[in-house]
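A structural walkthrough
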Amino acid sequence: NTEEYILYSELQDHIKKAINKLPKAQKEVFVLSRIKGIKYKEIAKKLNVSERTVEVRISQSLKTLRTLLKDFFLLIAVLFVRYKKILFSLWIFLG
């Protein structure tokens, strides 16, 4: 329905804005890993850093995103009930 679509679109917008607020190094590994699906080992090689550095940056980015999006967790939960498959993917995406 239209109301749910608007809520979902609003949530997507907030997620994109939150990702754009990440520090450059965190955003870079987050996008490569969670959006483009590249493995940590490949990211490390591409960025000329250790795999551990990639892991730390992912962990930091997820912590930051959880903080930035904490006000939207209820909305995610409500939408999850109706759109389990789509939002489960989103939940996994956010760690």
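Everything numeric in this text was worked out from a predicted model, so none of it was measured.

1. Overview of the confidence of the model for the protein chain
Low-confidence regions, as indicated by low pLDDT, have predicted coordinates that should not be scrutinised in detail. Per-residue pLDDT for the protein chain averages 85, and the proportion of residues at 70 or more is 79%. Predicted confidence in the protein chain is weakest over helix H6 (residues 84-93), with a mean pLDDT of 62, and strongest over helix H3 (residues 40-47), with 98.

2. What to know about the pattern of salt bridges
Inspection of every chain in the model, using the stated rule, returns two salt bridges. Put simply, arginine 52 and glutamate 55 hold a salt bridge, and the shortest N to O gap is 3.4 Å. Residue arginine 52 and its partner glutamate 55 are both found in helix H4 (residues 51-68); the two are separated by three residues, about one turn of the helix.

3. Describing H3
Of all the positions in H3, only Ile43, Ala44 and Leu47 are classed as buried. Taken around the axis of H3, the buried residues stretch over an arc of 100 degrees, which confines them to a single face. Away from the buried face of H3 by more than 90 degrees, exposed residues Lys41, Lys45 and Lys46 are located. Buried residues belonging to H3 abut helix H2 (24-35) and H4.

The rules behind each value
Residues numbered from 1 in each chain as written. Predicted model: local features only at pLDDT ≥ 70, side-chain atom pairs only at ≥ 80, totals over all residues. Heavy atoms only, no water. pLDDT = per-residue confidence, 0-100. Helix = DSSP H or I, 4+ residues; strand = E, 2+ residues; numbered from the N terminus. Salt bridge = Lys/Arg side-chain N within 4 Å of Asp/Glu carboxyl O. Buried < 20%, exposed > 50% of the residue type's maximum accessible area, 1.4 Å probe, protein only. Arc of directions from axis to C-beta. Contact = heavy atoms within 4.5 Å.

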